[in-house]
Amino acid sequence: MFDLSSRTAKLVFGVSILLIGFYLFFPIYWMVISSFKANGELYQVLPTFFPRDVTLAHYWSVFTESQLGLYLVNSLIVSGASAAINTVLAVYAGYSFAKYRYPGRQPIMLFMLSAQMFPFGLLLISLYPVLTSFGLLDTRPGLILSYIVFALPVAVYMLYSYFTQVPDELIDAARADGASDLRIFHTIVLPISIPPVVTVFLYSFMWSWNDLLYSMTLIVSEDKRTIGPGLLLTYLNETNADWGGAMAASLVVSAPIVIAFMFLQRYFIQGVTAGAVK
Amino acid sequence: MSDVTLASGRLNYPVSPHARRGGLHAVQRRVGILMLAPAAIAFAIVILYPFFQALGLSLFEDTLQSIEPTFIGLANFKAILADPETWNSFGITVIYVGGATIGTLVLGLGWALILNQPFRGRKALRALTIMPWVVPSTVSAFIWAWIFNSRFGVINGIYLELGLIDVPKAWLSTPEGALIAVILTRIWRSIPLFMAFFLAGLQNVDQEQIDAARVDGAGNWAILRDHLLPHLRPVLIVVVVLGVIGGLQDFDTIYALTGGGPVSATSVLSISVYRKAFEQWDIGMASAMGVLWVATLLPPAYFYLRLLIKKGN
C-alpha cells in the first residue's frame, strides 16, 4: 500500500515494526526464557536477555509440587462443557435469526446482542444467590451455566452472519424435495458450516478457559478450582512469589489455546470481524 | 394456498407437504421460534433475570448485618454519589478506558498498516500477533507483574543499565506506576483484535484508486490521510465502540495484576463493584454502583446496536 522506496519511508517503517513488535512479543519472549532460567539467574537485579543455562526445574516443580494438573483437568471439563452448550444454543439461534421470519425476531436479536452492556460483575451479584438457591454454588454445572453469559451473544452473532450467506436456493430446493426444516438444517446446512461452528466453539472455550472473575467467585473448593484462580492463589501471594514456576505454569496453560487459535485463525478472524467491515 | 406462497415471497413452489395444515408460513414460523427457544431461555435465565434482579437490589439495604433485604428507595444511590470513592473510581475508569482505547487504536492501526505491506515473514508475524489476545487473563497479569517486579523486573533492569534510576523502583506500589501498568497490559492484550479489524478493512481498499493518486504525486502521508483513513472510518467506529465496551467490562487482568490497588489507585468500576459485593458483602450498595456502571455502558452499547441495525438494512 505504501511506497517504501525512499530512505525516510524505510526508516519509519523499520522503526515502527521494531517498536510495536517489541511491545507485542517481548513479554511473551520474557515469559518463555524466564521459565527456563535457574533461580540464581532469574533473581538478578540486572537480568540476562539470553539465558546462560537452560533448566526444566520450574516445569518439574509445576507438575510435581503444585496442583496445576488438577486445575487443568477442571478447566478442561468446565470450558469444554460450556463451549459445547454455547455452540449448540448459538447454532440454532443463529440459523433461526438468519433464515426465519417471525414476529419479535428483530427486537429479540438486538436485545441478545446488546447483552454486552450488562456488566459481568453485576450479573454475578444476582447469579450468586440464584445458584445458591438451586444448590449449584461451588459446583461445576453452576459454573458451566454461568459461562453462557460471556460468549452466547457474540456466538449467536457470528453464526447469524455466517448463515445469512448460505444461499436460500439450497434450502428451498431441499424443501421442494419434501425434506423437513430440521432435516435440511442437520444434513445440508450444518455439514457445510463446520469451520464457523468450530470457531464459535473455540471462542466460547477461550472465554471460559481465560476466566478469573466467575470461577474465583462461584467455586470455593480446591478440588474444583480452575486455572485462573488456581494460578493466582498458587503463585501470587505476598509470602511466596515463585516467578520461575509462575512463568512455566503460564506457558503450560497458554500453549493449548494459542496453538488452537494459530491453526484456526483464518476462520476466526473472519468470524469476529464479520459485518464490521464494509 | 396461493396466498401462502405469495406471502412467503421467494418460496414459490405451490405444492408443499406443509401447505395442507395451517399453511407453510405458519409451520416455518413455528420451526424458527422453536430453534430460537433454547438460546432465548438460557439468555433469560443467566443474563436477563440476574440483570433485572440486580437493578431491583440497588433499591434495597442488603448487607451482612441485615437479616432480610429492606426497601430503602434511592438511599443507596444517594450514599454512593456522596462518596468520594465513587468519583475516584469513575475518574480512574475514564483514564483507564480512554488511555487504553486511544493507545490500542494508534498501535493497532500502525501494526495493521505494517502487516498490510508485502514483506517476507509477514504471514508468520500475523499469526503470532494473536498471542497476547488469547493467553489467559491471569497469565497476562503474571507476565506484566514480573516485568514490573520491584526487585528483579526487566524494566528496572533496563532503567538501571541505562542509568535512568539508581535503585530498583516498586512501580506497582505507586498510584501512577500501577495505573500505567494496567493500561499497558490492556493495550497489549487488545492490539491483536484491533489489528484484525483494521486488516480486514484494508483488504478491500481500491488499489487502482491508490495507484491513480500516486501517479498524481501523492506521497505516503497523503495516501494515508486522504484515502486509507477515510476508507477505514466505519471500522474505526466499530473498533472504538468495542474497545470501550471491552475496557469497561475488564476485570480479570486488573484484579490479578494490582487487585485494584495500591489502596484504590486502579480500582475501576468493575473492581469497586466486586469489592463491595464479595469482600464487604454490601449487595445493595454494590448493585447501585453496578447500575451506574451500566449507565457508562449504555452509550457505547447504543452505538453498537445502531451499527448492527444499519448493517442489517
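Residues numbered from 1 in each chain as written. Chains lettered and ligands numbered in written order. Predicted model: local features only at pLDDT ≥ 70, side-chain atom pairs only at ≥ 80, totals over all residues.

Helix and strand counts for chain A stand at 14 helices and 0 strands. Each helix and strand of chain A, ordered N terminal to C terminal, gives the series α-α-α-α-α-α-α-α-α-α-α-α-α-α. Expected size for 278 residues packed as a compact globule is a radius of gyration near 19 Å; at 23 Å, chain A overshoots this value by more than 25%. Relative to its full complement of 278 residues, chain A shows a buried share of 46%. Looking at chain A alone, contacts between residues at least 24 apart form 77% of all its contacts between residues at least 6 apart. (Helix = DSSP H or I, 4+ residues; strand = E, 2+ residues; numbered from the N terminus. Rg over C-alpha atoms; globule rule 2.2 N^0.38 Å. Buried ≥ 20, exposed ≤ 12 C-beta atoms within 10 Å, placed from the backbone. Contact = placed C-beta atoms within 7 Å.)

The next point concerns the overall build of chain B. Per the secondary structure count, chain B includes 14 helices and 2 strands. A compact globule built from 313 residues would reach a C-alpha radius of gyration of about 20 Å, whereas chain B, at 26 Å, exceeds it by more than 25%. Taken along its principal axes, the extent of the C-alpha atoms in chain B is 85 × 75 × 30 Å. Within chain B, the proportion of its 313 residues that are buried is 42%. Contacts in chain B between residues far apart in sequence, at least 24 positions, make up 65% of those at least 6 positions apart.

The interface of chain B with chain A comprises 91 residues on the first partner and 89 residues on the second. By residue number, the principal contributor to the side of chain B that touches chain A is helix H2 (residues 24–57) of chain B, which donates 19 residues. Grouping the amino acids of the side of chain B that touches chain A by side-chain chemistry returns 68 nonpolar, 16 polar and 7 charged. (Nonpolar A, V, L, I, M, F, W, Y, C, P; charged D, E, K, R; others polar.)

With that out of the way, let us pick up the packing of helix H4 (residues 68–99) of chain A against helix H8 (residues 148–163) of chain A. All names here are of chain A. Here H4 crosses H8 at 40 degrees, and the two axes come no closer than 7 Å. Here H8 runs oblique to H4, going by the angle between their axes. When the axes of H4 and H8 are compared, the crossing they make is right-handed. In terms of residue class, the contact of H4 with H8 is made up of 16 nonpolar, 4 polar and 1 charged. (Axes fitted to C-alpha atoms, helices over the stretch in contact; angles between N-to-C directions. Parallel < 35°, antiparallel > 145°, perpendicular 65-115°, else oblique. Left-handed = near helix turned anticlockwise from the far one by under 90°.)

Residues and elements named next belong to chain B. Residue-level pLDDT values for chain B average 86, and 91% of them are 70 or greater. Considering each helix and strand of chain B separately, the mean pLDDT is smallest for helix H1 (residues 2–7), with a value of 38, and largest for helix H4 (residues 84–116), with 95. Counting interchain partners and residues more than four positions distant, the pLDDT-below-50 stretch residues 1–14 has 16 contacts. Two summary scores accompany this predicted model of the complex, namely pTM at 0.89 and ipTM at 0.90. (pLDDT = per-residue confidence, 0-100.)

By domain assignment, chain B separates into domain 1 (2–57) and domain 2 (75–312). On a C-alpha basis, the centres of domain 1 of chain B and domain 2 of chain B stand 39 Å from each other. (Domains from an automatic or database assignment.)

Now for the nonpolar core. The biggest cluster of nonpolar side chains holds 165 residues, and the ones touching the most others in it are A:Ala90, A:Leu123, A:Leu152, A:Ala155, A:Val156 and B:Ala39. With 15 residues, the top contributor of residues to this core is helix H9 (residues 175–203) of chain B. Mapped onto the domain boundaries, this core takes at least three residues apiece from domain 1 (2–57) and domain 2 (75–312) of chain B. A:Ala90 has contacts with A:Leu152, A:Ala155, A:Val156, A:Leu159, A:Val200 and B:Ala39, leaving out every residue within four places of it along the chain. (Core = buried A, V, L, I, M, F, W, Y, C linked by C-beta atoms within 7 Å.)

Residue and element names in this part refer to chain A. Where H4 contacts helix H11 (residues 194–210), the two axes come as close as 8 Å, and the packing angle between them is 135 degrees. Regarding the angle of H4 to H11, the classification is oblique. Our pair here, H4 against H11, has a crossing hand that is right-handed. Residues Ser75, Val78, Ser79, Gly80, Ser82, Ala83, Asn86, Thr87, Ala90 and Val91 of H4 lie in contact with H11, whose contacting residues are Val197, Val200, Phe201, Ser204, Phe205, Ser208 and Trp209. Here the residues of the contact of H4 with H11 are counted per class, giving 9 nonpolar, 8 polar and no charged.

In this section: the confidence of the model for chain A. Per-residue confidence for chain A averages 89 on the pLDDT scale, and 96% of its residues sit at or above 70. Least confident of the elements in chain A is helix H14 (residues 243–273) of chain A, whose mean pLDDT is 84; most confident is H4(A), at 95.

Time to look at the environment of B:Leu64. Residues and elements named next belong to chain B. Mapped onto the elements, leucine 64 comes out in the loop between strand S1 (60–61) and strand S2 (70–71). Exposure remark for leucine 64: the 8 C-beta atoms within 10 Å place this residue in the exposed category. Along the backbone, leucine 64 and alanine 145 are 81 residues apart, and their C-alpha atoms lie at a distance of 34 Å.

On to helix H5 (residues 105–113) of chain A, then. Along H5(A), the residues classified as buried are A:Met109, A:Met112 and A:Leu113. Along the long axis of H5(A), the arc covered by the buried residues comes to 95 degrees, so they all point the same way. (Arc of directions from axis to C-beta.)

Okay, the environment of B:Gly157 next. Mapping B:Gly157 onto the fold places it in helix H8 (residues 154–161). Along the backbone, B:Gly157 and B:Phe251 are 94 residues apart, and their C-alpha atoms lie at a distance of 29 Å. Aside from chain neighbours lying at most four places away, what touches B:Gly157 is A:Val45, A:Leu46 and A:Pro47.

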